[in-house]
Amino acid sequence: MPLALLALTISAFAIGTTEFVIVGLIPTIAADLGVSVPSAGLLVSLYALGVAIGAPVLTALTGRVPRKALLLGLMLLFTVGNLVAWQAPGYASLVVARVLTGLAHGVFFSIGSTIATGLVPREKAASAIATMFSGLTVALVTGVPLGTFIGQHLGWRETFLAVSLLGVIAFVASAVFVPRHIKSSPPASVLQQLKVLQQPRLLLVYAMTAVGYGGSFVAFTFLAPILQQVSGFSAGAVSGVLLVYGVSVAVGNIWGGRLADRRGPIAALKLIFAGLAAVLFVLSVTANNPWLALATVLAWGAFAFGNVPGLQVYVVQQAEQHAPHAVDVASGLNIAAFNLGIAGGAWGGGLIVQHLGLLHTPWIGGLIVIGAWLLTARSGRLDRVNPAFAPDKPAFAAAH
């Protein structure tokens, strides 16, 4: 593996840690800053909104900047954002810090795939991208639980200091190992990206992504308060539960990818969305018992991100049919849809907590995920109307 690719993976690890570690710190941040739990949950929404804006818009605006210079600038922005969070005197400045790091996140993953593929022979491009994105999975398994542990024992500010140190390591590794000249295709303009959004079939896939993840994050954003206030876990035990969740996510990602390969994306997504909705409904019942809650969270992890491979494969297949000139753009916009779902889910979950209570977030999130299942079923029916170009059919593969 090229050392430059390892540098990108370290960057992805740092970025993935700062995105999701906030979930385990919400009760601590709320108590320390004197804000409500729903207000602390907005830190998840605003970060995701920064990613959703940064991915398409800033990537287009920075298209002429040399890739290495842009990469170093992004990791510098990421590090500064986390240092601002570390020293944030109040809630407003912490919001600014989260938005800054979210913007860096969005552009990083937009250009990261291009850089990764430019580091290896063409036949190894997919493996290079998978290696870079493995940093996110490792972050869920190790970075998030460790960051939560640091926050519970040393203070939430120290968690952001630790993540900023990861940013420094990633910056140095990129400066040393990433080559100055990287081959890349001309980036799509904002206008080209808007044309992709005129395709109804692609909009349907983006809706599947946003609604599916929105439903999950209605509850996931407030998992730590649920575990502490409803299940009876101590603050220190939450990091252990998140470790269990992260391991389950890693297994679920592999399982979801194989399921999509074997049965096709639509069949796989319907099964995963159904399982995810069922787990969220069950959590509403089991949350009062710590052992049952732990078992439910373990099952939740297996389904929570298992739909990522299927959704990404499906959006590429649809783009090859409906927007062949902008397949990469279509794929990138699905990442934006993912983060819009996170933003909306975290915001909606905050309203539910404020007006109904914590224990209502799982079952309401389950209802929203059922909406994603219905959208997926609708897309599958549209594929069957034109079977020659249905992504699940051999004829489609033969045509491409």
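Residues numbered from 1 in each chain as written. Predicted model: local features only at pLDDT ≥ 70, side-chain atom pairs only at ≥ 80, totals over all residues. Heavy atoms only, no water.

(A) Quick look at the environment of Val-211. You can see Val-211 is positioned in helix H8 (residues 200-220). Look at Val-211 and you get partly exposed, because its relative accessible area is 25%. Remark: the alpha-carbon pair of Val-211 and Gly-118, spanning 93 residues in sequence, is separated by 33 Å. Leaving out residues up to four positions away in the same chain, Val-211 has contacts with Ile-368, Gly-371, Ala-372 and Leu-375. (Helix = DSSP H or I, 4+ residues; strand = E, 2+ residues; numbered from the N terminus. Buried < 20%, exposed > 50% of the residue type's maximum accessible area, 1.4 Å probe, protein only. Contact = heavy atoms within 4.5 Å.)

(B) Quick peek at a nonpolar patch on the surface. A cluster of nonpolar residues, Leu-3, Leu-6, Val-168, Val-172, Val-176 and Phe-177, forms a patch on the protein surface that exposes about 510 Å² of accessible area. Per-element accounting of the nonpolar patch gives the leading share, 4 residues, to helix H6 (residues 156-177). Summarising the element assignment, Val-172 is placed in helix H6. Taking relative accessible area as the criterion, Val-172 reaches 45% and is therefore assigned partly exposed. (Patch = residues over 30% accessible without salt bridge, like charges linked within 9 Å, V, L, I, M, F, W, Y side chains within 5 Å. Areas by Shrake-Rupley, 256 points an atom, 1.4 Å probe, with all protein chains shown as cover. Salt bridge = Lys/Arg side-chain N within 4 Å of Asp/Glu carboxyl O.)

(C) Representation of the packing of aromatic side chains. With the rule as written, the count across this model stands at 12 aromatic pairs. Judged by centre distance (4.4 Å) and plane angle (75°), the ring pair of Tyr-213 and Phe-338 falls under edge-to-face. Note that Tyr-213 is positioned in helix H8 and Phe-338 in helix H14 (residues 327-355), a separation of 125 residues in sequence. Across the pair, Phe-338 and Tyr-213 agree in class, each one buried. A ring pair is formed by Tyr-245 and Trp-300, whose centres lie 6.1 Å apart and whose planes are at 80°; its orientation type is edge-to-face. Of this pair, Tyr-245 sits in helix H10 (residues 235-263) while Trp-300 sits in helix H12 (residues 290-304), placing them 55 residues apart in sequence. The burial state of Tyr-245 is the same as that of Trp-300; both residues are buried. (Phe/Tyr/Trp six-rings, centres within 6.5 Å; stacked < 30°, edge-to-face > 60°.)

(D) Seen up close, the nonpolar core. Grouped together as the largest cluster of nonpolar side chains are 80 residues, with contacts concentrated most on Leu-94, Trp-300 and Phe-305. In this structure, Leu-94 is in contact with Ile-29, Leu-33, Leu-43, Ala-85, Ala-88, Trp-156 and Phe-160, ignoring residues within four places of it in sequence. (Core = buried A, V, L, I, M, F, W, Y, C linked by side-chain atoms within 4.5 Å.)

(E) Looking closely at helix H15 (residues 361-385). Here H15 contains 25 residues, and its C-alpha end-to-end distance of 37 Å stays within 8% of the 36 Å for a straight helix at 1.5 Å per residue. Considered for burial, the residues of H15 that qualify are Thr-361, Pro-362, Ile-364, Gly-365, Gly-366, Val-369, Ala-372, Thr-376, Ala-377, Ser-379, Gly-380 and Asp-383. (Expected span 1.5 Å × (residues − 1).)

(F) Molecular detail of H12. Helix length check: H12, at 15 residues, gives a terminal C-alpha distance of 20 Å against a target of 21 Å (1.5 Å per residue), a fit within 8%. Considered for burial, the residues of H12 that qualify are Ala-293, Thr-296, Val-297, Trp-300, Gly-301, Phe-303 and Ala-304. Buried residues of H12, viewed axially, fall in a sector of 160°; they line one side. Buried residues along H12 sit in contact with H8, helix H9 (223-230), H10 and helix H11 (265-286). Put simply, Asn-289 is the residue that caps the front of H12, since its side-chain oxygen is 3.0 Å from the backbone nitrogen of Trp-291. (Arc of directions from axis to C-beta. Polar contact = N/O pair within 3.5 Å; in protein donor to acceptor, adjacent residues only side chain to side chain.)

(G) Representation of the packing of H11 against H12 within the structure. With their axes 9 Å apart at the nearest point, H11 and H12 run at an angle of 160° to one another. By the criterion of interaxial angle, the relationship of H11 to H12 is roughly antiparallel. Seen along the crossing, H11 lies across H12 with a hand that is left-handed. Contacts between H11 and H12 involve Leu-271, Ile-272, Gly-275, Leu-276, Val-279, Leu-280, Val-282, Leu-283 and Thr-286 from the former and Leu-292, Ala-293, Thr-296, Ala-299, Trp-300, Phe-303 and Ala-304 from the latter. (Axes fitted to C-alpha atoms, helices over the stretch in contact; angles between N-to-C directions. Parallel < 35°, antiparallel > 145°, perpendicular 65-115°, else oblique. Left-handed = near helix turned anticlockwise from the far one by under 90°.)

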